[in-house]
Amino acid sequence: MTLPKGFGSGGGGGSSSADVERMIGRRVENMTGIITVSYWAALLATFGGTAAGYFYYPWAYPTASGHFAFIVLAIIEAIGYIFCVKVMEEGSNKNSNGIVGGSIAATVAFVLFVSLFVGW
């Protein structure tokens, strides 16, 4: 790979991971936390959107329809979260199965709580 001027070892043409890291900034393997926070923000925003139907427009959006939408969107977001973290860690020695499993388990508990106790 050819690197821009000022990076690499000079005439050899080889690039080290340190050179690539200096070019692009932070390595993505270290971003599990920000992806997890973004996932939870998206999940809470989804709840906020469906909560408008539960509480402010109950005559227009039946509760069962809101629960269905929330469950389906939560599943889609969870799949995307798992995909993002696993692709991000591909080829590295990082292993964040614990944080991903904990987040998904907390998501299941949150979705079950909302589906069972909100809006009925």
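Throughout this description, residue numbers start from 1 for each chain and increase along the sequence as written. It should be noted that, the model being predicted, local features are given only for residues of pLDDT at least 70 and side-chain atom pairs only at 80 or more, the latter also being counted only at that level, while totals for whole chains, interfaces and linings use all residues. Only heavy atoms go into the side-chain values, all of them from the structure, while hydrogens and water stay out.

## Quick word on the overall build of the protein
Step number 1: In terms of helices and strands, the protein carries 4 helices and 0 strands.
Step number 2: Secondary structure elements of the protein, listed N to C terminal, follow the sequence α-α-α-α.
Step number 3: A contact between two residues is defined here by any heavy atoms of the two lying within 4.5 Å. A fraction of 60% describes how many contacts in the protein between residues 6 or more apart in sequence connect residues 24 or more apart.
Step number 4: Of the roughly 7700 Å² that the protein leaves accessible, carbon and sulfur atoms contribute 69%. Only runs of H or I of at least four residues qualify as helices and only runs of E of at least two qualify as strands under DSSP, and these elements are numbered from the N terminus. Surface exposure here means Shrake-Rupley accessible area, sampled with a 1.4 Å probe, where a residue is shielded only by the protein chains that are shown.

## Brief notes about the confidence of the model for the protein
Any region with low pLDDT has predicted coordinates that should not be read closely.
Step number 1: A score from 0 to 100, pLDDT tells how confident the predictor is in each residue. Chain-level pLDDT for the protein is 84 on average; 78% of the residues reach the 70-or-more range.
Step number 2: Highest mean pLDDT in the protein belongs to helix H4 (residues 97–117) (95); lowest belongs to helix H1 (residues 17–24) (64).

## Section: the UniProt feature "transmembrane region" (unreviewed entry) in the protein
Step number 1: UniProt annotation of "transmembrane region" (unreviewed entry) refers to residues 32–56, 68–87 and 99–118 when read in the numbering used here.
Step number 2: In the segment residues 32–56, helix accounts for 100% and strand for 0%; the C-alpha atoms at its two ends are 35 Å apart.
Step number 3: As annotated, residues 99–118 has a helix share of 95% and a strand share of 0%, and its two end C-alpha atoms lie 27 Å apart. UniProt positions are given in the numbering used here, feature names are shortened, and annotations may be inferred rather than shown by experiment.

## Some points on the packing of aromatic side chains
Step number 1: Pairing of aromatic rings covers Phe, Tyr and the six-membered ring of Trp, with a centre-to-centre limit of 6.5 Å; geometry is then stacked below 30 degrees between planes, edge-to-face above 60, and tilted otherwise. Inspection of the entire model under this criterion finds 9 aromatic pairs.
Step number 2: Here the aromatic rings of tyrosine 39 and tyrosine 81 are separated by 4.5 Å at their centres, their planes lie at 15°, and the arrangement is stacked. Taken together, the positions of tyrosine 39 in helix H2 (residues 32–56) and tyrosine 81 in helix H3 (residues 63–88) put the pair 42 residues apart, joining distant regions of the chain.
Step number 3: Judged by relative accessible area, which is 4%, tyrosine 39 ranks as buried.
Step number 4: Exposure remark for tyrosine 81: the relative accessible area of 3% places this residue in the buried category. Summary of the burial criterion: residues with accessible area below 20% of their type's maximum are buried, those above 50% are exposed, and those between are partly exposed, where the area comes from a 1.4 Å probe applied to protein chains only.

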